[in-house]
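Fold and geometry: a report
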Amino acid sequence: MCVERQSDRIERAIRTLSAWLAGTLLFTSPLLTQAMPEIQTWNTENGTRVLFVAAPEIPMVDVHLVFAAGSARDGGRSGLAALTAAMLSEGAGDWGADAIADRLDGVGAVLSTDVDRDMATVALRTLTRQPAFDTAIDTFATLIARPTFAPEALERVRQNRLVALRQEDESPRRVAQKALYRAVFGTHPYAADPSGTPESVADLRREELIAFHARHYVGSNAVLAIVGALDRAGAETLANRLVGGLPRGEPAAPLPEVPPLAEATLTAIDFPSSQTTVLAGQPGMRRGDPDYFALYVGNHILGGSGLISILMDEIREKRGLSYSTYSAFLPLAQPGPFLMSLQTRNDQAEQARSVMIDTLKRFIERGPTEAELMAAKKNITGGFPLKIASNSNIVQYLAVIGFYGLPLDYLERFRERIESVTVEQIRDAFARRLHPERLAIVMVGAPATGALGDAGAAQVSLARGTP
């Protein structure tokens, strides 16, 4: 199945589903009018943890089934997890790719797969009316338990992946992102990009995909999130239908610890572009980290709030060095990256980099003002209801809560925890967790990158190739 065809099918299915809903009811989530959704949880007989929220007003169901089968499980075969997930809808049971697509399209169901560094996600949205519901559920259950990994389909998907990887090589931003992860994570499994490299994807064998699926797509290695028009009994029946065909298996082993960076590094990559992409990062925090809310709110002030952030003020408004800049924590099972990013003219890349790092240093030293903190809290808590305003939002949160073992009252207490953050907590957390003298910096652009400045223990690479 080529990417374009899959996109067309998803778009067509969404149109079908939306048209039916528009003709029957107003498409607003009941969760908008509730304080917080009640999360119910249990385990299936084969070990899958289920999280369920009833949303009876809309006759549809959203499902996210997540496995600890992200790219960190590639085992040195970069791209293996992503290619395995992509093949699920290319053939399963007695159906080929076209038959699977026809079954889902015919009932307006939408299915997608995604892989990041921690997890592989298979998502489904379907109506609860018949025969749409049974058709969509039976199709989903078959393709996660009995994918065929047909050789001809594998070669088609592989070639599409290779084209996409070559296209990514033409994007300075993607080149910089991949280089930054390698610089931040070194030999840790998080260093490799989930999409793999042209060399690794070309070398993956069908037997490896089959073995990866058999090891990781098992009941005890999965979390199932369900939101929709079902009662508890209906949700339990649905869960059993969706994952009952999976063997119990074993949970994936914990990932290795992410070591801190020992020194600063600077990677400069020649790229024929008028703009230089500048990224800086280091290991940040994990999901469930005790400093999560202090770092989250602090970063919102530093570079996570768009035009009103400190980075945007210093780099764009005061100096006109970049149209956009931001910072972010990307928490994972093990500490994911803290990163800062901007793009600027090649001849002012050094100045922009210096301003970005100096701004971080000042923020760590001084912390936010009380006024900045108050504004950030209002902004975060004011926008929070919209983040749980739809079933698709809620099911994503459920999957994250279940996968990372976050408390079930995470959503209910989110605003309370934001409101409790103080200036002192932010300053303390940033001082302990971020170290500007040990940042990994990546600059991708035209020859002005020759002026590397004094980045401490600089490491310069002029090659775009993967290590």
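Okay, so let's go over this structure. (Residues numbered from 1 in each chain as written. Predicted model: local features only at pLDDT ≥ 70, side-chain atom pairs only at ≥ 80, totals over all residues. Heavy atoms only, no water.)

**Considering the packing of aromatic side chains**
Aromatic ring pairs are reported here in terms of the distance separating the ring centres and the angle at which the planes meet. Formally: Whether two aromatic rings pair depends on their centres lying within 6.5 Å, for rings of Phe, Tyr and Trp, where Trp uses its six-membered ring; planes under 30 degrees apart make the pair stacked, over 60 edge-to-face, and the rest tilted. Relative accessibility decides the category of a residue: with a 1.4 Å probe and only protein chains considered, values under 20% of the type maximum give buried, values over 50% give exposed, and everything between is partly exposed. Each helix is a run of DSSP H or I of at least 4 residues and each strand a run of E of at least 2, with the numbering of both proceeding from the N terminus.
Applying the stated rule across the entire model yields 15 aromatic pairs. With a centroid separation of 5.1 Å and 85 degrees between ring planes, the pair formed by Tyr-292 and Phe-293 is classed as edge-to-face. Each of the two residues, Tyr-292 as well as Phe-293, counts as buried. When the centroid spacing of 6.3 Å and the interplanar angle of 35 degrees are considered together, the rings of Phe-293 and Tyr-410 count as tilted. Of the two residues, Phe-293 sits in helix H10 (residues 292–302) while Tyr-410 sits in the loop between helix H14 (391–404) and helix H15 (414–419), which places them 117 residues apart along the sequence. Both residues of the pair, Phe-293 and Tyr-410, count as buried. By way of ring pairs, the aromatic residues Tyr-292, Phe-293, Tyr-296, Phe-384, Tyr-410 and Phe-414 are connected into one cluster.

**What about the packing of H10 against helix H12 (residues 349–366)?**
Quick note on the threshold: Between the N-to-C directions of two axes lies an angle of 0 to 180 degrees, each axis being a line fitted to C-alpha atoms and, for a helix, fitted only over the stretch in contact. What sets the label is the angle itself: under 35 degrees gives roughly parallel, over 145 gives roughly antiparallel, 65 to 115 gives roughly perpendicular, and the rest give oblique. Note on convention: the crossing is left-handed when the near helix lies turned anticlockwise from the far helix by less than a right angle, right-handed when the turn is clockwise. Whether two residues touch is decided by their heavy atoms; if any such pair falls within 4.5 Å, the residues are in contact. Note on residue categories: nonpolar means Ala, Val, Leu, Ile, Met, Phe, Trp, Tyr, Cys or Pro, charged means Asp, Glu, Lys or Arg, and polar means any other residue, Gly included.
Interaxial distance between H10 and H12 falls to 11 Å at its minimum, and their mutual angle equals 135 degrees. Here H10 is positioned oblique relative to H12, judged by the angle of their axes. Here the hand of the crossing between H10 and H12 comes out right-handed. Contacts between H10 and H12 involve Gly-298, Ile-301 and Leu-302 on the former and, on the latter, Thr-359, Leu-360 and Phe-363. The residue makeup of the contact of H10 with H12, split by class, is four nonpolar, two polar and no charged.

**What to know about the pairing of strand E1 (residues 40–43)**
Which entries qualify depends on this criterion: Should DSSP find at least two bridges between two strands, the strands are regarded as paired.
Alternating positions in E1 separate cleanly, Gln-40 and Trp-42 being buried on one face and Thr-41 and Asn-43 remaining unburied on the opposite face. Relative to strand E2 (residues 49–54), E1 is paired through four bridges, and the arrangement is antiparallel. Each bridged residue has a counterpart across the sheet, and for Gln-40 the counterpart in E2 is Phe-52. Following E1, the chain reverses through five residues before pairing antiparallel with E2; Gly-47 in that reversal takes a positive phi of roughly 95 degrees.

**Regarding the environment of Val-53**
Mapping Val-53 onto the fold places it in strand E2. Each C-alpha atom of the pair Val-53 and Thr-41 lies 9.0 Å from the other, and the pair is 12 residues apart in sequence.

**Some details on the packing of helix H4 (residues 132–145) against helix H9 (residues 232–243)**
Where H4 meets H9, the closest approach of the two axes is 7 Å, and the angle between their N-to-C directions is 40 degrees. By the angle between their axes, H4 is oblique relative to H9. Where H4 approaches H9, its residues Phe-133, Asp-134, Ile-137, Asp-138, Phe-140, Ala-141 and Ile-144 are matched on the opposing element by Leu-238, Arg-241 and Leu-242.

**A look at H4**
To be explicit about the condition: Residue count minus one, scaled by 1.5 Å, sets the expected span of a helix.
Taking 1.5 Å as the rise per residue, H4 with 14 residues should run 20 Å; its terminal C-alpha atoms sit 20 Å apart, in good agreement. Summarising burial for H4: 11 of the 14 residues are buried, a large majority. What H4 keeps buried is the set Ala-132, Phe-133, Thr-135, Ala-136, Ile-137, Thr-139, Phe-140, Ala-141, Thr-142, Leu-143 and Ile-144.

**Some remarks on the sheet that holds strand E11 (residues 325–329)**
A sheet is described by the order of its strands in space; here five strands give the open sequence E9-E13-E10-E12-E11, paired in mixed fashion. Of all strands in the sheet, those with a lone pairing partner are strand E9 (265–270) and E11, marking the two edges. Direction aside, the axes of adjacent strands within the sheet are offset by 15 degrees on average. Pairing of E9 with strand E13 (residues 440–445), which is carried by six bridges, proceeds in the parallel orientation.

**Observations concerning the pattern of salt bridges**
So the rule is basically this: Any carboxyl oxygen of Asp or Glu that lies within 4 Å of a side-chain nitrogen of Lys or Arg is treated as forming a salt bridge with it.
With the rule as written, the count across this model stands at 27 salt bridges. Close ionic contact of Asp-291 with Arg-432 constitutes a salt bridge, the shortest N to O distance being 2.9 Å. You can see Asp-291 sitting in the loop between strand E10 (275–283) and H10 and its partner Arg-432 sitting in helix H16 (residues 423–433), a full 141 residues away along the chain. Here the salt bridges do not stand alone but share partners, grouping Asp-289, Asp-291, Asp-428, Arg-432 and Arg-433 into one network.

**Here's the deal with the sheet that holds strand E8 (residues 222–228)**
Overall, mixed pairing links the six strands, which are arranged E1-E2-E8-E3-E7-E6 in an open sheet. Single-partner strands in this sheet number two, and they are E1 and strand E6 (110–115). Put simply, the sheet's adjacent strands are angled 15 degrees from each other on average, direction ignored. Alignment of E2 against E8, held across six bridges, turns out to be parallel. Within E8, the residue paired with Phe-52 across the bridge is Ile-226.

**Notes on H9**
This is how the line gets drawn: The reported arc concerns the directions from the helix axis to the C-beta atoms and nothing else.
Taking 1.5 Å per residue, 12 residues should reach 16 Å; H9 reaches 17 Å between its end C-alpha atoms and fits that length. Turning to H9, its buried residues are Ala-235, Leu-238, Ala-239, Leu-242 and Val-243. One side of H9 holds all its buried residues, which, seen down the axis, span an arc of 105 degrees. Buried residues belonging to H9 abut E1, E2, strand E3 (60–67), H4 and E8.

**Considerations on the environment of Ile-144**
Mapped onto the elements, Ile-144 comes out in helix H4. On the basis of relative accessible area, Ile-144 is assigned to the buried category, the value being 0%. Leave out the neighbours within four places in its chain, and Ile-144 touches Leu-65, Val-122, His-213, Tyr-217, Leu-242 and Leu-246.

Read these as spatial facts, not as claims about activity.
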